[in-house]
Amino acid sequence: MTNRIKIIIVISVLSIVTVAFLISTQSYFNNKEIRLASDQCYEIGGLPKVERDSLTLSYSFSCQKDN
């Protein structure tokens, strides 16, 4: 293998690892935010409603409280 091919392989692997790390980090912090918001919603007597979009790693959160 030539040096050029080795460099391309190393850069490709590093890019894949970096993207996987960033996706994992985003998912982890989304879960922490949802858990914190859900706990706070339960504390005020509400029922959390979470909708997740796995493709874009986004979510929407609402706290439904019965009056």
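Note: the structure precedes this text.
Residues numbered from 1 in each chain as written. Predicted model: local features only at pLDDT ≥ 70, side-chain atom pairs only at ≥ 80, totals over all residues. Heavy atoms only, no water.

Here we look at the packing of aromatic side chains
Centre distance and the angle of the planes are the two values used to describe a pair of aromatic rings. The criterion, for reference: When the centres of two rings from Phe, Tyr and Trp lie within 6.5 Å, Trp using its six-membered ring, the rings pair. Their planes under 30 degrees apart give stacked, over 60 give edge-to-face, and anything left gives tilted. Buried means the residue's accessible area, taken with a 1.4 Å probe over protein chains only, is under 20% of the maximum for its type, while exposed means over 50%, and partly exposed covers the values in between.
Counted under the stated rule, the structure contains one aromatic pair. Judged by centre distance (5.2 Å) and plane angle (75°), the ring pair of Tyr28 and Phe29 falls under edge-to-face. Owing to a relative accessible area of 45%, Phe29 belongs among the partly exposed residues under this scheme.

So, the side chain of Ser38
Using the following cut-off: A helix here means a DSSP run of H or I that spans at least four residues, while a strand means a run of E at least two residues long, and both kinds are numbered starting from the N terminus. Throughout, a contact is declared for two residues whenever any of their heavy atoms are within 4.5 Å.
Mapped onto the elements, Ser38 comes out in helix H1 (residues 3-43). Taking the relative accessible area as the measure of exposure, Ser38 reaches 11% and is therefore buried. Those residues in contact with Ser38, other than ones at most four positions away along the chain, are Pro48 and Phe61.

A look at the state of the cysteines
Two cysteines, two sulfur atoms, one covalent bond between them: this is a disulfide. What counts is decided by this rule: Cysteine sulfur atoms that pair up within 2.5 Å are treated as a disulfide.
One pass over the structure, following the stated rule, counts one disulfide. Two residues share a disulfide in this structure: Cys41 and Cys63, whose sulfurs sit 1.9 Å from each other. An S-S torsion of about 85° defines the bridge between Cys41 and Cys63 as right-handed. A residue pair is termed long-range when its members are at least 10 positions apart, and Cys41 in helix H1 and Cys63 in strand E2 (residues 58-64) qualify at 22 residues.

Observations concerning the pairing of E2
Defined as follows: Here, strands pair whenever DSSP counts at least two bridges between them.
Direction of pairing for strand E1 (residues 47-53) relative to E2: antiparallel, over a ladder of seven bridges. Along E2, the bridge assignment pairs Asp53 with Ser58. Connecting E1 to the antiparallel partner E2 that follows it, the hairpin turn spans four residues, and Leu57 within it adopts a positive phi of roughly 55°.

Spatial relationships are all this shows, so hold off on functional conclusions.
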